[in-house]
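Spelled out, the chains give:
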Amino acid sequence: MRPTVLCFSGLDPSGGAGLQADIEAVGQSGAHAAIACTALTIQNSQQVFGFEPTPKDLLLAQANAVVNDLPIRCVKSGMLGTTDNIIALAGFLSEHPDYVYVLDPVLVANSGGSLGHQATLVKAFETLIPYASLITPNTVELRALTGIEDLELATQKLFAMGAQAVLVKGGHEDTPDYIQNRLYISGELISETRCPRLEGEYHGSGCSLASFIAGRLALGDNLKTAVQHAETWLFGVLKRAESPVKNGQKIPKRF
Ligand code: PLP
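This is a predicted model, so every value here is computed, not measured.

Scoring rules and cut-offs
Residues numbered from 1 in each chain as written. Predicted model: local features only at pLDDT ≥ 70, side-chain atom pairs only at ≥ 80, totals over all residues. Heavy atoms only, no water. Buried < 20%, exposed > 50% of the residue type's maximum accessible area, 1.4 Å probe, protein only. Helix = DSSP H or I, 4+ residues; strand = E, 2+ residues; numbered from the N terminus. Arc of directions from axis to C-beta. Contact = heavy atoms within 4.5 Å. Polar contact = N/O pair within 3.5 Å; in protein donor to acceptor, adjacent residues only side chain to side chain. Near = heavy atom within 4 Å. Nonpolar A, V, L, I, M, F, W, Y, C, P; charged D, E, K, R; others polar. Expected span 1.5 Å × (residues − 1).

K.L.:
It is not clear to me how helix α5 (residues 139-146) should be interpreted in this structure. Could you clarify?
P.N.:
Each α-helix winds once per 3.6 residues, and so residues spaced three or four apart point in a common direction. Here α5 has its buried residues at Thr139, Glu141, Leu142, Leu145 and Thr146. End-on, the buried residues of α5 take up no more than an arc of 160°, which puts them together on one face. Turning to α5, the residues buried within the fold contact α4 (118-128), α6 (151-160) and β7 (165-168). The N-terminus of α5 is capped by asparagine 138, whose side-chain oxygen sits 3.0 Å from the backbone nitrogen of valine 140. One or two residues past the end of α5 sits glycine 147, with phi positive at roughly 70°.

Below, the structure written as C-alpha cells:
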C-alpha cells in the first residue's frame, strides 16, 4: 500500500480547503491520505459562518483507529480549532516520534473568517512547534505566532521556539507581480523561489501546498525536493482554479 499521510483537518463544505484539499493534494502527490476530522465548518467560497470543533477524545479515537491499520509515514495538520485539540495532537505525536510531521499553523481562513480563537491557538501552537519537521506559515501567521513584524527576525524566533524547518509563504506580502517563498532548515536559508502572482484570491492554497509536501515526504523526498515539487504543482493547480461566483475565492482544480 502507498505510504500514508494522516491529516488532522477540518471539513470545508465548499471543497476548496480543509480535508478535501488534503485528500486531493496528498493523492496527487502519489501518497494516500487518511483523515482525523478536527471540526465541521460552515462556509462557502466567500465567507465563514461558523464551526463546530471535534471533541478531543473523538479526534484521538479517529487517529488511533488507523495507527496500526495504515502505513502512516507522515502527519499533517491544518485547522485544529481548539487548544484541547492542539494538546491532544501534541500527545499523539509524542507517542509516535517516527512520524514526519508537517504543521500548517492555520489561524484564519483566507476569506478572513475565524477558525478558532486566535490568541489561545497561538499560545497552544507553542507545544506543537518542536514536533514539526516543517512548519508552513504564511507571513500573517508567522507574525502572529512570534509577535514580531520583521520576517527574518520572526523566522529566527520560530527556530528559537523549537522549529526544525520553516517554509515562509509570501502570498500576503505587498509584491504585486510575484510571490516569494523562503525555505529555512535549522535557521539557515536553503532556497528562495519566486512565481508570478496570479490574479484573484484562492481558497485552500495553503492546505494544498502543505499536504502535497507531506505526501512527497511520506514517499521519501528530502525537504527541499518535496517543497520544490509542491510549489510547481500548486502553481498549475491555481492557474486552473475555478470561480464559483463573482465575489468568491477561486477553488483550486487539483485534478
Ligand atoms: N482548514 C479549513 C477547514 C478551512 O476552512 C480553511 C480555510 O477556509 C483552512 C484550513 C485554511 O485554508 P487556506 O489553505 O486557504 O489557508
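K.L.:
I would appreciate a short explanation of the site of the ligand in the present structure.
P.N.:
Taken together, 16 residues form the shell around the ligand, and within it Gln43, Asn110, Gly204, Gly206 and Cys207 come nearest. Serine 205 has a polar backbone atom sitting 3.5 Å from an oxygen atom of the ligand. Within the backbone of glycine 206, an N or O atom sits 2.9 Å from an oxygen atom of the ligand. Those elements giving two or more residues to the shell around the ligand turn out to be β2 (32-43) and α7 (205-218). Tallied by class, the residues present in the shell around the ligand amount to six nonpolar, nine polar and one charged.

K.L.:
What's the story with helix α8 (residues 223-239) in this structure? I'm lost.
P.N.:
With 17 residues, α8 extends 24 Å between its outermost C-alpha atoms, agreeing within 8% with the 24 Å of an ideal straight helix rising 1.5 Å per residue. Of the positions making up α8, those classed as buried are Leu223, Ala226, Val227, Ala230, Glu231, Trp233, Leu234, Gly236, Val237 and Leu238. For α8, the elements touching its buried residues are α1 (18-29), β6 (134-135), β7, β8 (178-185), β9 (188-196) and α7. A side-chain oxygen of the first residue of α8 lies 3.2 Å from the backbone nitrogen of lysine 224; this N-cap is asparagine 222.

Honestly, it's all geometry; don't read function into it.
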